[in-house]
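What the coordinates show
What follows is the residue order along each chain.
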Amino acid sequence: MLSRTCVAATTTSAIRSRSAAAAANRNNNTGGFFSSSLGSRRPLTSAAVPTWATLDPTSLGCTSEPYAVSNLVDGAWVSNSITSQNKIVIPNPMDKNAPPICTVPDTQIEELGSFIESMRKVPKSGVHNPLKNVERYLQFGEISRKAGEALADSTIASFFATSIQKTVPKSFAQALGEVKVTASFLQNFGSDNVRFLARSFGIPGDHAGQFSHGHRWPYGAVAIVAPFNFPLEIPVLQLMGSLFMGNKPVLKPAEKCSLVMEQFLHLLHDCGMEKGDVDLLNCRGPVAERLILDGDVRLTQFTGSSSVAERLLEVTKGKVKIEDAGFDWKILGPDVADVDYVAWQCDQDAYACTGQKCSAQSILFAHRNWEEDAVGLFDKLKMNASRRSLEDITVGPVLTVTTERILNHTARLLEIPGAKLLFGGKELRDHNIPEVYGAVEPTAVYVPLKEMLKEEHFDACTTEIFGPFQVVTTFDDAEMCHVIEACERMSHHLTAAVVSNDVEFQSTILAHTVNGTTYAGRRARTTGAPQNHWFGPAGDARGAGIGTPEAIKMVWSCHREIIMDSVVPKDWTQPKAT
């Protein structure tokens, strides 16, 4: 059994506790996180907790009275006992016998009044727009600069990385990478760059005194429903984009990790953002749906499962921008080279963060040249996967799919003629992960391409398992058309990779596919989207992007045309009516 000994944590006066009892609890705390999960860095100590923070992440899951996350509504933080008598207890995802990580308010529909009122107060013209409260563009540029500078600080970066690890276990490198990408995004939009997002354009009219101006206009009251797997990066990028464009957002984070965004909002307040600019609602899905409908929310941005996305699209009559499921493919072309690198990247794409990325490699199409004994790609994939361990959280809990479901899906695919287990397919050994989560070894199942394409097998082979699981198949030159057919028949088109420097092969695949974020070339990947390019699906009019100026403008603003027509000619005479 892995050691669950916690790193000692002593709360300092720098932590503003929510209550004297909570503060005393932290003062007596002797817990922490796996020392092995912290890599070569020094563990975060209580003395290093930022002054604006209300928790010590090293104490999470180590105290009998768990940290209590609060709601934020209309400029006021309200404790769990004030907003709701109910609470959701978040279990320790690494150890079912350890104390819970935290509690979050289980806000009920009858308790939404203040949130509904907060949303309804927001005008359709937004909090700011190109003609109103324009100083806020510069204010948010400065807030973004300060927040980016803060996340670049090693102490604050470690604070958030540790908070992420405690709620969504992943390697420290993965958690810290999420913080770094978020910091770079915030730095990108410092100073005048928020104002530049609202750049207008003008076109001369068809007579003197007429001029047409195109503006980017906010929606007003908006909602963000964020996923668990990137508890900082995804909600921050969407939240800031909505604020930059002049909206008032209510953020509904995933319950499992909402404390991460709670702490980020404290950071934003420390950087100068008014508390009334964002509401934070902790609740279950049906309650969030009711707020969206009763609060006159004009746009919802949703990242998560396709079933919830379809539900929101139905009840809001289409007023949703979605980044939902991604069954993401990678195709290895006929030009074999850099095998060790390609095998490493395949392992990272399929199994980093325990496969819990919407961009994770779900299926690998490998040209038969990669299957030859001299190449040994599949053996290298197996070897790389075997190095993943709970000790450093390079494999860990699957937070939305149980062990039973993953193993049942594996068994279903192995019933297909010619299918075989390449590696994995077993429950993790020596773990203490709660039964509500999944705990499986990195798994790959080979399915013959022609069998996969059969009607009775295709849906099963292209079912996304949000965990360390992938399907593998092979093809030859004559079967390229079948690979393209498989890509065409898939229902979600988020990320993809064409691993080839063969220009003709690249061009053929790229010309006949649609995935919104597609990498091509020998170093092509499906995951690891940084802050410097568009990330989002294609082929879907409802699709939302993230990260870039184009994504922010597309998701968080609409086009408004204002035509100025001011000069009546001195020699004008009234014409005949038409």
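So, here is what we can say about the structure in this document. (Residues numbered from 1 in each chain as written. Predicted model: local features only at pLDDT ≥ 70, side-chain atom pairs only at ≥ 80, totals over all residues. Heavy atoms only, no water.)

1. Notes on a positive patch on the surface
Together, Lys 124, Arg 298, Lys 317 and Lys 319 line one region of the surface with positive charge. Among the structural elements, Arg 298 can be located in the loop between α10 (285–294) and β11 (299–303). (Patch = residues over 30% accessible without salt bridge, like charges linked within 9 Å, V, L, I, M, F, W, Y side chains within 5 Å. Areas by Shrake-Rupley, 256 points an atom, 1.4 Å probe, with all protein chains shown as cover. Salt bridge = Lys/Arg side-chain N within 4 Å of Asp/Glu carboxyl O. Lys, Arg positive; Asp, Glu negative; His and termini not counted. Charge placed at Lys NZ, Arg CZ, Asp CG, Glu CD. Helix = DSSP H or I, 4+ residues; strand = E, 2+ residues; numbered from the N terminus.)

2. Describing the pattern of salt bridges
Evaluated as defined, the whole model comprises 25 salt bridges. The partner of Asp 335 in a salt bridge is Arg 522, with the nearest N and O atoms 3.3 Å apart. Residue Asp 335 is located in the loop between β13 (328–332) and α12 (339–351), and its partner Arg 522 is located in the loop between β19 (517–520) and α19 (549–556); the two are separated by 187 residues in the primary sequence. A salt bridge links Lys 454 to Glu 451; its shortest N-O distance comes to 3.0 Å. Its relative accessible area of 34% is what places Lys 454 among the partly exposed residues. Classification of Glu 451 by relative accessible area gives buried; the value is 16%. (Buried < 20%, exposed > 50% of the residue type's maximum accessible area, 1.4 Å probe, protein only.)

3. Some thoughts on the packing of helix α5 (residues 154–167) against helix α6 (residues 172–188)
The interhelical angle for the contact between α5 and α6, taken along N-to-C directions, is 125 degrees, at an axis separation of 8 Å. As far as their axial angle goes, α6 and α5 are oblique. Seen from above, α5 lies across α6 with right-handed handedness. When α5 is examined against α6, the residues Ala 157, Phe 160, Ala 161, Ile 164 and Gln 165 are found in contact with a partner set consisting of Phe 172, Ala 175, Leu 176, Glu 178 and Val 179. Residue composition of the contact of α5 with α6, by class: 8 nonpolar, 1 polar and 1 charged. (Axes fitted to C-alpha atoms, helices over the stretch in contact; angles between N-to-C directions. Parallel < 35°, antiparallel > 145°, perpendicular 65-115°, else oblique. Left-handed = near helix turned anticlockwise from the far one by under 90°. Contact = heavy atoms within 4.5 Å. Nonpolar A, V, L, I, M, F, W, Y, C, P; charged D, E, K, R; others polar.)

4. As for helix α8 (residues 233–244)
Counted at 1.5 Å a residue, the expected span for α8 with its 12 residues is 16 Å, and the 16 Å between its end C-alpha atoms agrees. Burial analysis of α8 places 12 of its 12 residues in the buried class, which makes it a mostly covered element. Residues Glu 233, Ile 234, Pro 235, Val 236, Leu 237, Gln 238, Leu 239, Met 240, Gly 241, Ser 242, Leu 243 and Phe 244 constitute the buried set of α8. (Expected span 1.5 Å × (residues − 1).)

5. Observations concerning empty space enclosed by the protein
Over the atoms, a rolled probe matching the size of one water molecule traces out where space is still vacant. Taken as a whole and assessed by the stated rule, the structure comprises 4 cavities of 30 Å³ or more. Size it by volume and the largest cavity reaches roughly 80 Å³. Phe 327, Ser 362, Glu 464, Ile 465 and Phe 469 are, among the 15 residues lining the largest cavity, the residues nearest its centre. Of all the secondary-structure elements, those providing two or more residues to the lining of the largest cavity are β14 (361–367) and β17 (469–475). For the lining of the largest cavity, the element with the most residues is β17, which contributes 3 residues. Residue composition of the lining of the largest cavity, grouped by class: 7 nonpolar, 6 polar and 2 charged. Taken as a whole, the second largest cavity holds about 40 Å³ of empty space. Within the residue set of the lining of the second largest cavity, elements represented by two or more residues are β8 (221–225), β9 (248–252) and α10. Residues belonging to the lining of the second largest cavity are distributed by class as follows: 9 nonpolar, no polar and 1 charged. (1 Å grid on protein atoms, 1.4 Å probe; cavity = no way out; pocket = protein on both sides within 12 Å on 5 of 7 lines; lining within 4 Å. Points joined across faces, edges and corners; volume = space filled by probe spheres on them.)

6. What about the environment of Ser 386?
As for its position among the elements, Ser 386 is in helix α13 (residues 377–386). Taking the C-alpha atoms as reference points, Ser 386 and Pro 442, separated by 56 residues in sequence, lie 7.8 Å from one another.

7. Examining the sheet that holds strand β1 (residues 67–68)
A sheet is described by the order of its strands in space; here 3 strands give the open sequence β1-β5-β4, paired in mixed fashion. Each edge of the open sheet carries a strand with a single partner, namely β1 and β4 (87–90). Bridge count for β1 against strand β5 (residues 102–105) is 2 bridges, and the pairing is parallel. Paired with Tyr 67 across the strands is Cys 102, a residue of β5. (Pairing = 2+ DSSP bridges.)

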